[in-house]
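The residues making up each chain are set out below.
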Amino acid sequence: MSTRDARPSPQQRPHPGAATPAGAEPHPHDAGAIRRRASPAYDSVLLKACRREPVPHTPVWFMRQAGRALPEYRKLREGTAMLESCFRPDLVTEITLQPVRRLGVDAAIFFSDIVVPLKAVGVDLDIVPGVGPVVAAPFRTAADLDRLPELLAAPQITQAVQQLIGELGATPLIGFAGAPFTLASYLVEGGPSKNHAQTKALMHGDPGLWWQLMDRLASITLAFLRVQVDAGASAVQLFDSWVGALPAADYRTFVQPHSARVLAGVADVPRIHFGVGTGELLHDMGQAGADVVGVDWRVPLDEAVRRVGPGKALQGNLDPTLVLGPTSVVRAQTERIVAEGRAAEGHVFNLGHGVLPETDPDALARIVDHVHELTAR
Ligand code: CP3
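Residues numbered from 1 in each chain as written. Predicted model: local features only at pLDDT ≥ 70, side-chain atom pairs only at ≥ 80, totals over all residues. Heavy atoms only, no water.

Peer 1: Tell me about the site of the ligand, residues and numbers included.
Peer 2: Taken together, 27 residues sit near the ligand, with Arg64, Tyr73, Asp113, Ser241 and His353 positioned nearest. In the complex, the protein chains occlude 91% of the 880 Å² of accessible area that the ligand would expose alone. Taking a 2 Å distance to the grid points as the criterion, the majority of the atoms of the ligand fall inside the largest pocket. Its residues assigned to classes, the shell around the ligand shows 16 nonpolar, 7 polar and 4 charged. (Near = heavy atom within 4 Å. Areas by Shrake-Rupley, 256 points an atom, 1.4 Å probe, with all protein chains shown as cover. 1 Å grid on protein atoms, 1.4 Å probe; cavity = no way out; pocket = protein on both sides within 12 Å on 5 of 7 lines; lining within 4 Å. Sits in = over half its atoms within 2 Å of the grid points. Nonpolar A, V, L, I, M, F, W, Y, C, P; charged D, E, K, R; others polar.)

Peer 1: Account for the environment of Ala249, naming residues and giving values.
Peer 2: Relative to the assigned elements, Ala249 resides in helix H11 (residues 248-264). In the structure, Ala249 is positioned 35 residues away from Asp284 in sequence and 9.6 Å away in space, judged by C-alpha atoms. (Helix = DSSP H or I, 4+ residues; strand = E, 2+ residues; numbered from the N terminus.)

Peer 1: Outline the packing of aromatic side chains, supporting the account with residue identities and numerical values.
Peer 2: For the structure shown, the criterion picks out 4 aromatic pairs. Arranged with centres 5.5 Å apart and planes meeting at 85°, the rings of Phe176 and Phe239 form a pair that is edge-to-face. Note that Phe176 is positioned in strand E6 (residues 173-178) and Phe239 in strand E7 (residues 235-239), a separation of 63 residues in sequence. Pair check on accessibility: Phe176 and Phe239 agree, each one buried. Judged by centre distance (6.2 Å) and plane angle (85°), the ring pair of Phe239 and Phe274 falls under edge-to-face. Remark: Phe274 occurs in strand E8 (residues 271-274) and Phe239 occurs in strand E7; sequence separation between them is 35 residues. In this structure, Phe239 and Phe274 share a single accessibility class: buried. An aromatic cluster is defined as three or more aromatic residues linked by ring pairs; in this entry it consists of Phe176, Phe239 and Phe274. Over the ring of Tyr42 we find Arg51; its NZ or CZ atom is 3.9 Å from the centre of that ring. (Phe/Tyr/Trp six-rings, centres within 6.5 Å; stacked < 30°, edge-to-face > 60°. Buried < 20%, exposed > 50% of the residue type's maximum accessible area, 1.4 Å probe, protein only. Lys NZ or Arg CZ within 6 Å of the ring centre and 35° of its normal.)

Peer 1: Please set out the nonpolar core residue by residue, giving values where relevant.
Peer 2: Ranked by internal contacts, the top residues of the largest apolar core, which has 124 residues, are Trp61, Phe62 and Leu213. Sorting elements by how many residues they give to this core places helix H10 (residues 207-230) first, with 13 residues. Every residue in contact with Leu213, bar those within four places of it in the chain, is listed here: Phe139, Leu145, Leu148, Ala184, Leu187, Val188 and Leu202. (Core = buried A, V, L, I, M, F, W, Y, C linked by side-chain atoms within 4.5 Å. Contact = heavy atoms within 4.5 Å.)

Peer 1: An account of the pattern of salt bridges is needed here, citing residue identities and associated values.
Peer 2: In the structure shown here, the tally under the stated rule is 16 salt bridges. Where Asp230 meets Arg226, a salt bridge forms, and the shortest distance between an N and an O atom there is 2.6 Å. In this pair, Asp230 and Arg226 are both assigned in helix H10, 4 residues apart and thus about one turn of the helix distant. In this structure, the salt-bridge partner of Asp291 is Arg271, at a minimum N-O distance of 2.9 Å. Within this pair, whereas Asp291 is found in the loop between helix H12 (282-287) and strand E9 (292-294), its partner Arg271 is found in strand E8, the two being separated by 20 residues in sequence. (Salt bridge = Lys/Arg side-chain N within 4 Å of Asp/Glu carboxyl O.)

Peer 1: Pulling in residues and values, what's your account of the environment of Gly132?
Peer 2: Here Gly132 is to be found in strand E4 (residues 132-135). For the pair Gly132 and Pro192, spaced 60 residues apart in sequence, the C-alpha separation works out to 6.6 Å. When near neighbours in sequence (up to four residues on either side) are disregarded, Gly132 contacts Asp126, Ile127 and Pro192.

Geometry only, nothing functional implied.
Encoded structure:
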């Protein structure tokens, strides 16, 4: 069955303008905040590191830990399209739990994709194996804004998160979403892009329309994160995977205000913010409102501490390609990263980008054990 046959049926209505229903910052003493502090995941190593509190060992998880590196994932996904599986709570739950069982990681990341909220509001797109997200009709004019209504609810996502919270116990669930710039790039280019030419042309050529597009995407992204947090996710990661294509000045003008609105709307949980090739943007991404700044493998963590500045934890940053190499190399690189990470006020060990499909899961499990041993206190 193709993904398009299996249309999700979320509630939706047209976007009423600039209003942002889920945009208000929650009060720290509201019922949600009290419930979160009572959750068994609140005192987990991951959340403590995100809050820059002392930890018994450095927490570890891997971007894309759920996915093609795991044979049990490939088996479960047989015959089900990627996007279809993201709207099936039982599949989402099982796939999210697989790496937690096998790898001993300190957190689960919700199995979904950055284009799921766009699909949920009715954008005609698919995830093509070996390619990535492909949009049927690229976004080009103001008329295209009508194709981006608000996301009011996503019952399948709520159900999957609730099921997961029940299964995970004290292991925290990280919710996630794609940041407005990275989503805009897929929408404007129509698919993956090397140089983001059309996206930059729109940004500079029609700044007013760019703002409206980013504003719509920020609303959808924030609503998708709120669905996950309200259902029990105890941290979030906002992926701005491709924003490293921009110089810092453009980032501040055209992107940061929108990412900041998203991050402000989930201030009731720790917020991780990550992009690839963002060495020149690390400070500004932290200032967008992240509690934890994700760093790819290009910038050593002690240097990233200087760039990001005080008051933030860091996440990263083992080059995912090196995990395919000899164990001795992986061990030496892991030791270097742990040592450099000691300069940070809090360190969450991760790769510098997602797990590659050809990765040996045992190599990932060995990294988890090694980091735990090296950092036990
Ligand atoms: O374990 C996890 O990290 C959670 C699951 C997750 C997926 N996608 C599952 C997935 C997460 C967090 C994402 C986010 C995502 N999706 C990003 C941001 C992270 C990053 O890599 O920078 C981006 C850019 C996408 C878009 C996307 N979706 C791409 C480029 C691809 C790969 C396409 C391909 O086949 O090479 C996808 C598909 C996708 N998302 C897969 C998985 C497990 C593979 C689909 C499959 O198993 O067939």
